[in-house]
Amino acid sequence: MPKIKYRFLPYLYVLPSMLILMIIIIYPLCFSLYYSFQHWNLQTSPFPGGFVGFANYINVFKDQTFIQSFVNTFKLSFPIVIIEFVLGLGIALLFNEKLKGGNLFRALLIMPITIAPMVTGFLFRYLFYKNGLISYILSLIGIQIPNEGILGNAITAFLAIAFTDIWQWTPFFAIILFAGLQSIPIQLNEAAEIDGASFSQILWYISLPHMKFVILFTAMIRFAITFNLFDIIKAETMGGPGTATRTLSYNLYYEGLVNYNIGYSFAIAWIMIFTIIIIVNVFIKFTFKPEEL
Amino acid sequence: MKKRSLFIQFLLYVLLVIVMLFFIGPIVWFFMLSIRPALTNRTIPPTVIFKPTFEYFYYCFINPGVSLKYLISSLIVSFGSSLLSLPFSILSSYAISRFEFKGKNFITLFYLSLFFGPPVAYLIPYFLIVSRIGLAGTYLSMILIYQTFTIPFSILIMKGFFDEVPVEIEEAAMIDGTDRLGALIRVVIPISLPGIIVSSLFAFVFSWNNAVFPLVLSGYTTKPLPIGTFNFFATTGVAWNNIAVTSVITMLPPMIIFMVLGKYIVRGLTFGAIK
């Protein structure tokens, strides 16, 4: 499409949305950067208590709970995205078999995605309850459940959170990858079949390379969202038992809005922001060629 | 594609049914919780057959209607935020679709990057600022911060729709004596109305489902549904049936909207990057 060159008009059109985003995001972020170098605890005083240099940042790294939430976040986000991708690809391939009634199943599969993550948290808190459905099913197949319940045990609660996220977002991959499979020219597959290519060869040499951009983009969105995981934790385990299932976001929320340790929480926020910027940039550098973006 | 043998087809069907049970089963079980008598909540083995009751629905949404005010809050905040984003995103999206200008790529990347940021990180300073100017607990405070995702989302989605409007139609309108803004309002917006509606519906769902911002920003009278649901986790006991009823009402509008959106879902879920 021919694009028209104007000098000022485009900026005039973009200005209102940039302005409002500056006010609601950029200003609060600058505010938090400024006060991350101050001591400010709302429990002791409503006002900031003066500059302390990098003390907040240093204290963050000395804090065992922070380290734990940092490790938890990585232990959750990387495996979750990989598992969701593998399962989603499997389901997409299953749909691609064009079974009768497949369309109906496909329409239904969207349902987990549509649920508010907070509500998903409530749903699985119910399912993982001591006498809940999942505990019952597990006991039927002979899997021992901890006495304190699935959500009461540090290890199983962690797995339960991962399970919940995988349940909700695997359909996301499945639906997008199915659309990706559909966009591959059918002649390509047929030609490969005539040449005697096997199912796995077609998948590896035709389908996956063809969907490279789709896969990487989807994985990147999903990674960013699981990295910031908060809702499910809040509704399902409240970061517990103890601090076992705290993620970076939950820990940040807890320090800032439960302990009211404002300056300290701002330091956590900026460490989080830097971490995600680094990861996304590394991801882009190693996976996309510049001309693809 | 090759025809698979009958046995393989049968196996694939079994697999499909297992997949469906896994993903839809929990939702069905939760819907059942909303209409099951509380006595059957936690039996071992779980009670599958029971006489459905609507008393929890009646209690939550009719008399005394404890969840009704949450529903109203949810509606106000979601409608408000998707409507507020429209003028901003239409203008911006149109500019990105039609014009070449310095910094365009940077601006597009800025919008996209907003989806990767941790919401809690800007929620806390935002909350402090909003409290300072006396807006804490208001609908406005929530509607404004929802713009951090409704505006960039709508811009990216609408761009795809504006790209599809032939530029000649606009030029014809401009020859007929209207200026660019006039052409946008009288020609481009009506033609791309379906796209604008699609993007507003997505913006509505994202606002409706957001629970991080209102958890902190909403006041006693302005809690939306997911936040109000926390009230049923009392120290005296968890009112699971009421939680389920309120959650089901929270789940329904997005489910219906997603069913309607059909072919636009992939586009919406990937911020317009994949069509």
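Source: prediction; values computed, not measured.

Structural notes on the overall build of chain B
Counting secondary structure elements, chain B contains 13 helices and three strands. Against the compact-globule benchmark of 19 Å for 275 residues, chain B has a radius of gyration of 23 Å, which places it well outside the compact range. Expressed as lengths along the three principal axes of its C-alpha atoms, the size of chain B is roughly 75 × 70 × 35 Å. Across the 275 residues of chain B, 46% fall into the buried class. In chain B, 75% of the contacts between residues at least 6 apart in sequence involve partners at least 24 apart.

Brief notes about the overall build of chain A
Assigned secondary structure in chain A consists of 14 helices and one strand. With the C-alpha coordinates aligned to their principal axes, the bounding extent of chain A is approximately 75 × 70 × 30 Å. For chain A, with 293 residues in total, the buried portion stands at 41%. Here the contacts in chain A between residues at least 6 apart in sequence split such that 69% fall between residues at least 24 apart.

Details of the interface of chain A and chain B
Opposite the 71 residues of chain A that make contact, chain B presents 73 residues. Among the elements that take part in the side of chain A that touches chain B, helix α1 (residues 9-35) of chain A stands out by supplying 15 residues, more than any other. Classifying every residue of the side of chain A that touches chain B gives 55 nonpolar, 10 polar and six charged.

Brief notes about the domain arrangement of chain B
All names here are of chain B. As far as domains go, chain B holds domain 1 (6-53) and domain 2 (68-230 + 243-269). The interface of domain 1 with domain 2 comprises four residues on the first partner and four residues on the second. Residue classes in the side of domain 1 that touches domain 2 are distributed as three nonpolar, one polar and no charged.

Points about the confidence of the model for chain B
Taken as a whole, chain B shows an average pLDDT of 91; of its residues, 99% reach a score of 70 or greater. Overall fold confidence for the complex sits at a pTM of 0.92, while the interface term, ipTM, reaches 0.93.

Re unusual backbone geometry
At the junction of G240(A) and P241(A), the peptide bond is cis and its omega measures out at 0° in the coordinates. One can find P241(A) in the loop between α12 (231-236) and α13 (248-257). For the bond running from N63(B) to P64(B), omega is 0°, close enough to zero to count as cis. Summarising the element assignment, P64(B) is placed in the loop between α2 (55-61) and α3 (68-98). Of note, K98(A) is a non-glycine position whose phi angle comes to about 55°, a positive value. Mapping K98(A) onto the fold places it in the loop between α3 (64-95) and α4 (102-109).

A look at the nonpolar core
Among the nonpolar cores identified, the biggest contains 147 residues, and I175(A), I176(A), I268(A) and L123(B) are the most heavily contacted of them. The element contributing the most residues to this core is helix α6 (residues 139-163) of chain B, with 15 residues. Here I175(A) is in contact with L109(A), I110(A), I265(B) and V266(B), once residues within four sequence places are set aside.

Some remarks on the packing of helix α8 (residues 154-182) of chain A against helix α11 (residues 212-227) of chain A
The description of two helices packed together rests on the angle between their axes and the distance between the axes. All names here are of chain A. Contact pair α8 / α11: the axes reach a minimum separation of 10 Å and the direction vectors enclose 160°. Relative to α11, the element α8 is oriented roughly antiparallel. Here α8 runs over α11; the crossing is right-handed. Where α8 approaches α11, its residues D165, W169, F172, F173, I176 and G180 are matched on the opposing element by V214, T218, R222 and T226.

What to know about the domain arrangement of chain A
Residue and element names in this part refer to chain A. The domains assigned to chain A are domain 1 (33-62 + 262-288) and domain 2 (79-257). Its C-alpha centre places domain 1 at a distance of 31 Å from the equivalent point of domain 2. Taken residue by residue, the interface counts 11 residues in domain 1 and nine residues in domain 2. Looking at side-chain class alone, the side of domain 1 that touches domain 2 contains nine nonpolar, two polar and no charged residues.

Observations concerning the environment of S199(B)
Residues and elements named next belong to chain B. Tracing the chain through its elements places S199 in helix α9 (residues 193-209). For the pair formed by S199 and I274, sequence separation is 75 residues and the distance between their alpha carbons is 15 Å. Setting aside residues no more than four positions away along its own chain, S199 makes contact with S154, I157 and M158.

Considerations on the packing of helix α6 (residues 117-127) of chain A against helix α12 (residues 240-261) of chain B
For the pair α6(A) and α12(B), interaxial distance at closest approach is 10 Å and the crossing angle is 145°. Like other packed secondary-structure pairs, α6(A) and α12(B) cross with a definite hand, here left-handed. Residue-level contacts link V119(A), F122(A), L123(A) and Y126(A) of α6(A) to W240(B), I243(B), S247(B), T250(B) and M251(B) of α12(B). Its residues assigned to classes, the contact of α6(A) with α12(B) comprises seven nonpolar, two polar and no charged.

Thoughts on α9(B)
In this model, α9(B) (17 residues) spans 24 Å end to end at C-alpha, consistent with the 24 Å of a helix rising 1.5 Å per residue. Of all 17 residues that make up α9(B), 13 are buried, and the element is covered over most of its length.

Let's talk about the environment of L128(B)
Structurally, the position occupied by L128(B) is in helix α5 (residues 119-132). The class for L128(B) is buried, based on 20 C-beta atoms found within 10 Å.

Quick notes on the rules
- Residues numbered from 1 in each chain as written.
- Chains lettered and ligands numbered in written order.
- Predicted model: local features only at pLDDT ≥ 70, side-chain atom pairs only at ≥ 80, totals over all residues.
- Helix = DSSP H or I, 4+ residues; strand = E, 2+ residues; numbered from the N terminus.
- Rg over C-alpha atoms; globule rule 2.2 N^0.38 Å.
- Buried ≥ 20, exposed ≤ 12 C-beta atoms within 10 Å, placed from the backbone.
- Contact = placed C-beta atoms within 7 Å.
- Nonpolar A, V, L, I, M, F, W, Y, C, P; charged D, E, K, R; others polar.
- Domains from an automatic or database assignment.
- pLDDT = per-residue confidence, 0-100.
- Core = buried A, V, L, I, M, F, W, Y, C linked by C-beta atoms within 7 Å.
- Axes fitted to C-alpha atoms, helices over the stretch in contact; angles between N-to-C directions.
- Parallel < 35°, antiparallel > 145°, perpendicular 65-115°, else oblique.
- Left-handed = near helix turned anticlockwise from the far one by under 90°.
- Expected span 1.5 Å × (residues − 1).

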